[in-house]
Amino acid sequence: MSFFSTRGGKYVSASQAILNGLSPDGGLYVPSMFPMLTAEELNKLCKLSYSERAVNIIKYYLEDYTTEELEIAIKNAYNSDKFDDGRIAPLIPIDDNTYSLELYHGPTMAFKDMALQILPRLITYAAKKNNEDREVSILVATSGDTGKAALEGFKDVENTSCTVFYPKDGVSDIQKLQMLTTGGNNTKVVGVNGNFDDTQSGLKALFVDEEFRSKMDKNNRLPSSANSINFGRLVPQIVYYISSYCDLLNMNKIAMFHSVNFVVPTGNFGNILAAYYAQSMGLPINKLICASNTNKVLTDFFNTGVYSLEREFFKTISPSMDILISSNLERLLYEMTDRNSELINKWMNDLKELGEFKINETYKTWLNAKFYAGFADDITTKQEIKKIFDKHQYLIDPHTAVGFNVLEQYRKSTNDDTPTIVASTASPYKFSENVLSAIQPGSEIHDAFDSAEVLEKLSNLRIPKQINELKQLEIRHNAVCERNEMADSILK
Ligand SMILES: *Cc1c(COP(=O)(O)O)cnc(C)c1O
């Protein structure tokens, strides 16, 4: 299978797409086709472990990798050293037709681990396959969780380095501490004076900046990306949507080809796009429910057909979704337009020049048939955390709570009773202060570690060992830069 650029540039192999990250024309790589899952194949997958399902599904897309390479990459990622639940991505029933797909059992306690534990090996193999002897410099913009997950994945991986830029005042205390205490002799963490969009746009511009690329080349370094603009991030995410469907079948909750909905708390549109890709492979999905926080650019887009950046940026209690430029939407638009790169170029140009783009009614109808979009503000999000805890004794983080709340809105407005799986994207302990003050309004604890201890007593959910370890670690990174200094800070 080859990989096309959404902006029409030259097609490449899977390993080249993963090695490059972003296409040189500024577009995103997309698979040339979607392999179809037959009933027979789904049945076969259902009998396998999570890791075996992953090998089988990833193999469809990464054709120039051997099965053995994929098996090694996956065995080294999804094991009991790294994941604190043997099921890897357990599906937890909440009520008769609602399930929580817990994606936070990896080393950094957010769903980003599902892909970023695998990506470093995919990149190292890709370098070998393409006779690349430069050091692969992974450049990351993070809204909070990708940074640490990438650092953990790439730390001390031979012939790579990993530089993470995070919005200096835009991540939670635990998220920041996790990044700043990272070890490894090939890691670097830099706070940027700006928000996530500034950071991500700054990096995307560098990927297509000839001067920057040639300076990197002179230093014998090849820039690549660990953000969800890299297809290598998306493909391991397709796995858990298919796998959770198998789990529902195995639990006898649904019959083969019975439809389900997925709810995905969304920022850069990577996670929900992976669900859409699973649907494109024939997974029976009725609705994809796109849940946003107050930065509801996607809710407005799905409901009006206008994607507009003319709006205020809000800092919320779900910081990993504080994003206005959702990069991966471009991949969906590409499929929506039957792969019309000309139109994609026009829209992306409009977005850059005019701050917005608009799609026609036919396209909007296409989108609304597949997606439902809604949002929850911080107050509603906290109420949702409390509601789910009081009703089900189940603790969720603020991102996941946005998802549960938008599901409630969806059910009220549609009466749809299709079994629904909510992607639970982070451990509640990663955002302990806000989770505690949600279930115990008026609580005056302003320390993330103290809050975690109270939460543990109230909930019986064990504090992950990573939280306790974090307390002991030394700060190793303290660099800060302006938005226009990112290139210098990489080249230094
Ligand atoms: C990254 C992240 C999201 C958003 O995922 P996208 O793929 O960017 O849409 C949601 N929740 C958490 C906890 C995250 O870390």
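Just above, that's the structure.
I will try to describe carefully the structure that is included in this document. (Residues numbered from 1 in each chain as written. Predicted model: local features only at pLDDT ≥ 70, side-chain atom pairs only at ≥ 80, totals over all residues. Heavy atoms only, no water.)

Turning our eyes to something else, we now look at the sheet that holds strand β5 (residues 98-102). With mixed pairing, the six strands of this open sheet are ordered in space as β4-β5-β15-β10-β11-β14. This sheet does not close on itself; its edge strands, each paired only once, are β4 (91-95) and β14 (371-375). Going from strand to strand, the sheet's axes swing by 25° on average, the running direction of each strand aside. Sheet topology note: the strand β11 (residues 285-292)/β14 ladder contains five bridges and is parallel. The residue of β14 that forms the bridge with A291 is G374. (Pairing = 2+ DSSP bridges. Helix = DSSP H or I, 4+ residues; strand = E, 2+ residues; numbered from the N terminus. Axes fitted to C-alpha atoms, helices over the stretch in contact; angles between N-to-C directions.)

For an α-helix, 3.6 residues make a turn, and residues three or four places apart therefore share a direction. Most of helix α12 (residues 270-280) is tucked away, with 11 of its 11 residues classed as buried. Looking one or two residues past α12, G282 carries a phi angle of roughly 105°, positive in sign. (Buried < 20%, exposed > 50% of the residue type's maximum accessible area, 1.4 Å probe, protein only.)

Turning next to the sheet that holds strand β8 (residues 187-192). Judged by pairing direction, the sheet is parallel, and its five strands sit side by side in the order β9-β6-β7-β8-β16 without closing on themselves. Strands with a single pairing partner mark the edges of an open sheet, and in this sheet they are β9 (221-225) and β16 (479-481). Recorded for the sheet is a direction-independent mean angle of 30° between the axes of neighbouring strands. Across three bridges, β8 lies against β16 in parallel orientation. By the bridge assignment for β16, G191 is matched with V480. Here helix α7 (residues 145-154) sits on the sheet in contact with β6 (135-141), β7 (160-167) and β8, set at roughly 165° to β7. (Contact = heavy atoms within 4.5 Å.)

Moving on, we get to the side chain of N97. Mapped onto the secondary structure, N97 falls in the loop between β4 and β5. A distance of 3.1 Å separates a polar side-chain atom of N97 from the backbone oxygen of D417. Among residues more than four places away in sequence, those in contact with N97 are R411, D417, T418, P419 and T420. (Polar contact = N/O pair within 3.5 Å; in protein donor to acceptor, adjacent residues only side chain to side chain.)

A positive phi angle, near 60°, is found at N252, a position not held by glycine. Mapped onto the fold, N252 is located in the loop between α11 (231-250) and β10 (260-265). Of the residues examined, N252 reaches a relative accessible area of 69% and is grouped as exposed. Positive phi outside glycine occurs at F257, with the angle close to 75°. Within the fold, F257 resides in the loop between α11 and β10. Overall, the relative accessible area of 43% leaves F257 in the partly exposed class.

Take the packing of helix α3 (residues 50-61) against α11 next. Between α3 and α11, the shortest axis-to-axis distance is 9 Å and the interhelical angle comes to 130°. When the axes of α3 and α11 are compared, the pair comes out oblique. Read as a crossing pair, α3 and α11 show a hand that is right-handed. On α11, the residues touching Y50, R53, A54, I57, I58 and Y61 of α3 are F231, V235, P236, I238, V239, Y240, I242, S243, C246, D247 and N250. Grouping the constituent residues of the contact of α3 with α11 by class yields 13 nonpolar, two polar and two charged. (Parallel < 35°, antiparallel > 145°, perpendicular 65-115°, else oblique. Left-handed = near helix turned anticlockwise from the far one by under 90°. Nonpolar A, V, L, I, M, F, W, Y, C, P; charged D, E, K, R; others polar.)

Attention shifts here to the packing of aromatic side chains. Applying the stated criterion across every chain, the model contains 22 aromatic pairs. If you follow K296 out to its NZ or CZ, it ends over the ring of F375, 5.2 Å from the centre. (Phe/Tyr/Trp six-rings, centres within 6.5 Å; stacked < 30°, edge-to-face > 60°. Lys NZ or Arg CZ within 6 Å of the ring centre and 35° of its normal.)

Where charged atoms of side chains with opposite charge meet at close range, the side chains can pair. On inspection of all chains with the given rule, the structure shows 21 salt bridges. Its salt-bridge partner being R7, residue E330 comes within 2.8 Å of it at the nearest N-O pair. Placement of the pair is E330 in helix α14 (residues 329-336) and R7 in the loop between β1 (2-5) and β2 (12-13), with a sequence separation of 323 residues. The salt bridge involving E408 is made with K387; its shortest N-O contact spans 2.7 Å. Pair noted here: E408 is in helix α18 (residues 398-414) and K387 is in helix α17 (residues 378-392), with a separation of 21 residues, a long-range link. (Salt bridge = Lys/Arg side-chain N within 4 Å of Asp/Glu carboxyl O.)

Around the ligand, a shell composed of 15 residues is seen, among which K112, D145, G267, N268 and N271 lie nearest. Between G267 and the ligand, the recorded distance is 2.8 Å, taken from a backbone N or O atom to an oxygen atom. Measuring from an oxygen atom of the ligand, one finds a backbone N or O atom of G270 at 3.2 Å. Protein chains shield 98% of the accessible area of the ligand, which is 380 Å² for the free molecule. One can see that the ligand is located within the largest cavity. Among the residues forming the shell around the ligand, the class breakdown is five nonpolar, eight polar and two charged. (Near = heavy atom within 4 Å. Areas by Shrake-Rupley, 256 points an atom, 1.4 Å probe, with all protein chains shown as cover. 1 Å grid on protein atoms, 1.4 Å probe; cavity = no way out; pocket = protein on both sides within 12 Å on 5 of 7 lines; lining within 4 Å. Sits in = over half its atoms within 2 Å of the grid points.)

Taken across its eight residues, helix α19 (residues 432-439) has six buried, putting it largely inside the fold. Of the residues making up α19, those classed as buried are S432, V435, L436, S437, A438 and I439. In this structure, the buried residues of α19 make contact with α17, α18 and α20 (448-459).

What follows covers the nonpolar core. Ranked by internal contacts, the top residues of the largest apolar core, which has 112 residues, are L62, Y78, I238, Y241, I242, F269 and F357. Element by element, the count of residues in this core is highest for α11, at 12 residues. (Core = buried A, V, L, I, M, F, W, Y, C linked by side-chain atoms within 4.5 Å.)

Before going further, it helps to examine the packing of α19 against α20. When two helices pack together, their arrangement is given by the angle between the helix axes and the distance between those axes. Across the interface, α19 lies against α20 with an axial gap of 8 Å and an inter-helix angle of 45°. Taken as axis vectors, α19 and α20 run oblique relative to one another. In this structure, the crossing between α19 and α20 has a hand that is left-handed. Where α19 abuts α20, its residues S432, E433, V435, L436 and I439 lie against A448, S451, A452, V454, L455 and L458. Taken together, the residues of the contact of α19 with α20 sort by class into eight nonpolar, two polar and one charged.

Let us look at empty space enclosed by the protein. Think of a ball as big as a water molecule: rolled over the atoms, this probe shows where empty space is left. Summed over the entire model, instances satisfying the criterion amount to three cavities of 30 Å³ or more. Lining the largest cavity are 28 residues, with F111, K112, G267, N268 and S320 sitting closest to its centre. Of all the elements in the fold, those that place two or more residues in the lining of the largest cavity are α7, α11, β10 and α12. The element contributing the most residues to the lining of the largest cavity is α12, with three residues. Split into classes, the residues belonging to the lining of the largest cavity amount to 11 nonpolar, 14 polar and three charged. A volume near 50 Å³ is recorded for the second largest cavity. In this structure, the second largest cavity is lined by L139, A141, Q200, L203, K204, F207, S225, N227 and I229. Tallied by class, residues from the lining of the second largest cavity come to five nonpolar, three polar and one charged. (Points joined across faces, edges and corners; volume = space filled by probe spheres on them.)

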